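# Structure assessment
Here is how the chains run, residue by residue.
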Amino acid sequence: MHRFDLTGRTALVTGAARGLGRALALALAEAGADLVLVDLPDAPGLTETADLVRGTGRTAHLHPQDLARTDELTAFADRVRAAVGPLHILVNNAGVAALERYNEITPESWSRTMRVNLDAVFFLSQRVAEHMVKDGVAGRIITVTSKNALVAEAGLAHYNASKAAADSLTQTLAIELAPHGITVNALAPGMVETPIDGEFPFDREAFEAAYRERIPLGRYARPDECAGALLLLASDAGSYVTGTRIVVDGGVLADQMPRTRFMPPYRNTLDPDRPPSP
Ligand SMILES: NC(=O)c1ccc[n+]([C@@H]2O[C@H](COP(=O)([O-])OP(=O)(O)OC[C@H]3O[C@@H](n4cnc5c(N)ncnc54)[C@H](O)[C@@H]3O)[C@@H](O)[C@H]2O)c1
């Protein structure tokens, strides 16, 4: 387990006030890292995440920042470096998703999605990487993208495009930063139980039931089920993993045909007397 030990390292997690960001911050703290927690200045859950991190015995620094303010991000990264010292791990997790048909997306909504999901990932990674190089830190940059970086979902043209671009960015940064020993990877979840979708303009329950049927593991992920992949990418265990992505989607991308639902019930040939299961 020492390969996963993050004692003595400092990790910055964006979007840490709730959902996946909170679970990932907590997992890093449990592995020994001190945390810099970033979210919107008025995000109610940020202090609660800090309390949870401190409960593990690690330090939590709160640095609220609206990541949509692209031109503030370089100075923001400099402020964080000055306040907490060298950063070893950057987790670009904050993201927004608005369910809108392609012809309903306004320039404002398009721009906000891109600024949070893509521009902030780039400009924060850019400055933090420069600090890592200057500090001689063989750092880790992990961006939470989505399975939607690889396949589309209706009603999310801007979101899908932002995640695909962030996935591509991961590759470019990985090859440019490899000479400095910094690894850059994406973590691509499928459906996770978090509040991200907010308002649903249609029957959420029916949609989620139908979606669950499409997931080979049969359910959404709990946020903490993305933590194992993150710890690999953030620790010495993943020292030779760069420029790639880990998909954590319960098998959705592997299954393009819901055939198992229509096949005869499963019978274990080693145990023919056992009653068949679905
Ligand atoms: N939940 C899912 O099913 C799912 C699936 C695939 C990928 N993801 C990705 O995981 C990441 C986390 O999503 P989540 O489901 O936890 O969402 P969430 O909405 O629960 O949490 C996102 C956090 O980001 C913060 N944030 C949003 N805009 C910000 C800004 N301008 N500045 C600073 N912070 C901002 C929010 O305040 C919130 O705390 C996102 O990048 C999302 O695209 C989520």
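In what follows, the structure referred to is the one given above.
What counts as what
- Residues numbered from 1 in each chain as written.
- Predicted model: local features only at pLDDT ≥ 70, side-chain atom pairs only at ≥ 80, totals over all residues.
- Heavy atoms only, no water.
- Buried < 20%, exposed > 50% of the residue type's maximum accessible area, 1.4 Å probe, protein only.
- Helix = DSSP H or I, 4+ residues; strand = E, 2+ residues; numbered from the N terminus.
- Pairing = 2+ DSSP bridges.
- Right-handed = clockwise from strand over helix to strand, strands pointing away.
- Salt bridge = Lys/Arg side-chain N within 4 Å of Asp/Glu carboxyl O.
- Near = heavy atom within 4 Å.
- Polar contact = N/O pair within 3.5 Å; in protein donor to acceptor, adjacent residues only side chain to side chain.
- Areas by Shrake-Rupley, 256 points an atom, 1.4 Å probe, with all protein chains shown as cover.
- Contact = heavy atoms within 4.5 Å.
- Arc of directions from axis to C-beta.

## Observations regarding the pairing of strand 2 (residues 34-38)
With 5 of its 5 residues buried, strand 2 lies for the most part within the structure. Residues Asp34, Val36 and Val38 point to one face of strand 2 and Leu35 and Leu37 to the other, with burial holding for every one of them. With 5 bridges connecting them, strand 1 (residues 10-14) and strand 2 associate as parallel partners. Within the sheet, the bridge partner assigned to threonine 14 lies in strand 2 and is valine 38. Between the parallel elements strand 1 and strand 2, the chain passes through helix 1 (residues 19-30) in a crossover that is right-handed. Sheet analysis places strand 2 next to strand 3 (residues 60-62), joined by 3 bridges and oriented parallel.

## A word on the pattern of salt bridges
Within this structure, the stated rule accounts for 18 salt bridges. Among the ionic pairs, glutamate 208 bridges to arginine 212, the shortest N-O distance being 3.6 Å. With glutamate 208 and arginine 212 both in helix 6 (residues 204-214) and 4 residues apart, this pair spans about one turn of that helix. Note on arginine 212: relative accessible area 32%, which makes it partly exposed. Taken together, the shared-partner salt bridges connect Arg219, Arg222, Asp224 and Glu225 into one network.

## Thoughts on the site of the ligand
Residues in close proximity to the ligand total 29 residues, the closest being Arg18, Asp39, Asn93, Tyr159 and Thr194. A distance of 2.9 Å is found between a nitrogen atom of the ligand and a side-chain nitrogen or oxygen belonging to aspartate 66. One nitrogen or oxygen atom from the main chain of valine 192 is found 2.8 Å from an oxygen atom belonging to the ligand. Alone, the ligand offers 810 Å² of accessible surface; in the complex the protein occludes 95% of this.

## Observations regarding helix 7 (residues 227-234)
Here helix 7 lies mainly inside the structure; 6 of its 8 residues are buried. In the core, the buried residues of helix 7 are packed alongside helix 1, strand 4 (89-92), strand 5 (140-144), strand 6 (183-189) and strand 7 (245-248).

## Let's talk about helix 2 (residues 46-55)
Looking at helix 2, one finds that the buried residues are Leu46, Thr49, Ala50 and Val53. Buried residues of helix 2, viewed axially, fall in a sector of 100°; they line one side. Away from the buried face of helix 2 by more than 90 degrees, exposed residues Asp51 and Gly55 are located. For helix 2, the secondary structure elements touched by its buried residues are helix 1, strand 2 and strand 3. Downstream of helix 2 by a residue or two, glycine 57 has a phi angle that is positive, lying close to 95°.

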